[in-house]
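# Topology and contacts: notes
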Amino acid sequence: MSATTCLEKDTPETNVDVEFEPKIVGFLCNWCSYAGADKAGSSQTPYPPNVSIIKIMCTGRMDPQFVMKAFRGGADGVIVLACHPGDCHYKEGNLRAAQRHAMLVRLLEQMGIERERCRFDYVSAGEGEKYVQVITEMVATVKQLGTLSLSD
């Protein structure tokens, strides 16, 4: 038996459907949402592993260019998680982030990117279960939308 024949036999079938697993970038505030993610992890609550977390000190620091860079870098979705209103360690950073997000999703839609690909939500340090719920919903939403393809 030749090496080529052996390789052909060991090669898996190419007709196998592989389920789409979206790549999601998550920007989490250090004080609340990141701690919420940590709580979910320490309580060993399972959730989809599709989110790459970037910890930022405050979502008020969140520049819309970070989101655009994530999409250009291959992300299929972006999630921004902030402190609840009134709980921001920098007074109003989360409120400013919410305002920027509203403008950003309008811009994304003009660029042909569905608004559902960029989600903003609030998760506190004690809300590990909510963190799991938000991440699970986001992954399901982006799975339905499919791969993001950006044209230059």
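Okay, so let's go over this structure. (Residues numbered from 1 in each chain as written. Predicted model: local features only at pLDDT ≥ 70, side-chain atom pairs only at ≥ 80, totals over all residues. Heavy atoms only, no water.)

## Some details on helix H3 (residues 64-72)
A turn of α-helix holds 3.6 residues, and therefore any two residues three or four places apart point the same way. Buried within H3 we find Val67, Met68, Ala70 and Phe71. Down the axis of H3, the buried side of the element spans an arc of 155°, and every buried residue falls inside it. Exposed residues pointing more than 90 degrees away from the buried face of H3 are listed as Gln65, Lys69 and Arg72. Among the structural elements, strand E1 (24-29), strand E3 (77-82), helix H4 (93-110) and strand E4 (118-122) are those in contact with the buried residues of H3. One or two positions beyond H3, positive phi appears at glycine 74, with a value near 110°. (Buried < 20%, exposed > 50% of the residue type's maximum accessible area, 1.4 Å probe, protein only. Helix = DSSP H or I, 4+ residues; strand = E, 2+ residues; numbered from the N terminus. Arc of directions from axis to C-beta. Contact = heavy atoms within 4.5 Å.)

## Examining the sheet that holds E1
On the basis of which strands lie adjacent, the open sheet formed by four strands has the order E2-E1-E3-E4 and parallel pairing. Strands with a single pairing partner mark the edges of an open sheet, and in this sheet they are strand E2 (51-56) and E4. Strand-to-strand twist in this sheet, taken as the mean axis angle between neighbours without regard to direction, amounts to 20°. Across five bridges, E1 lies against E3 in parallel orientation. Bridged to isoleucine 24 within E3 is glycine 77. The sheet strands contacting H3 are E1, E3 and E4, and the helix crosses E3 at an angle near 150°. (Pairing = 2+ DSSP bridges. Axes fitted to C-alpha atoms, helices over the stretch in contact; angles between N-to-C directions.)

## With respect to the nonpolar core
Judged by nonpolar contacts, the single largest core of 21 residues is most densely connected at Phe27, Val67, Phe71, Val78, Leu108 and Cys118. Counting only elements with at least two residues in this core, the list comes to E1, H3, E3, H4 and E4. If we skip the residues at most four places from it in the chain, valine 78 touches Ile24, Val25, Phe27, Val67, Ala70, Phe71, Arg117, Cys118, Arg119 and Met138. Grouped together as the second largest cluster of nonpolar side chains are 15 residues, Ala37, Ala40, Val123 and Tyr131 included. (Core = buried A, V, L, I, M, F, W, Y, C linked by side-chain atoms within 4.5 Å.)

## Section: empty space enclosed by the protein
Under the defined criterion, the tally for this structure stands at two cavities of 30 Å³ or more. Within this model, the largest cavity holds a volume of roughly 80 Å³. Taken together, Thr59, Met62, Asp63, Pro64, Val67, Val80, Ala97, Arg100, His101, Leu104, Cys118 and Phe120 make up the lining of the largest cavity. In terms of residue count, H4 provides more of the lining of the largest cavity than any other element does, four residues in total. Each residue belonging to the lining of the largest cavity can be placed in one class, and the counts come to eight nonpolar, two polar and two charged. Computed from the structure, the second largest cavity encloses a volume of approximately 40 Å³. Around the second largest cavity, the lining residues are Cys29, Trp31, Met57, Cys58, Thr59, Ala82, Cys83, Cys88, His89, Tyr90 and Asn94. Across the lining of the second largest cavity, the residue classes tally to eight nonpolar, three polar and no charged. (1 Å grid on protein atoms, 1.4 Å probe; cavity = no way out; pocket = protein on both sides within 12 Å on 5 of 7 lines; lining within 4 Å. Points joined across faces, edges and corners; volume = space filled by probe spheres on them. Nonpolar A, V, L, I, M, F, W, Y, C, P; charged D, E, K, R; others polar.)

Scope: geometric values only; no functional claims are made or implied.
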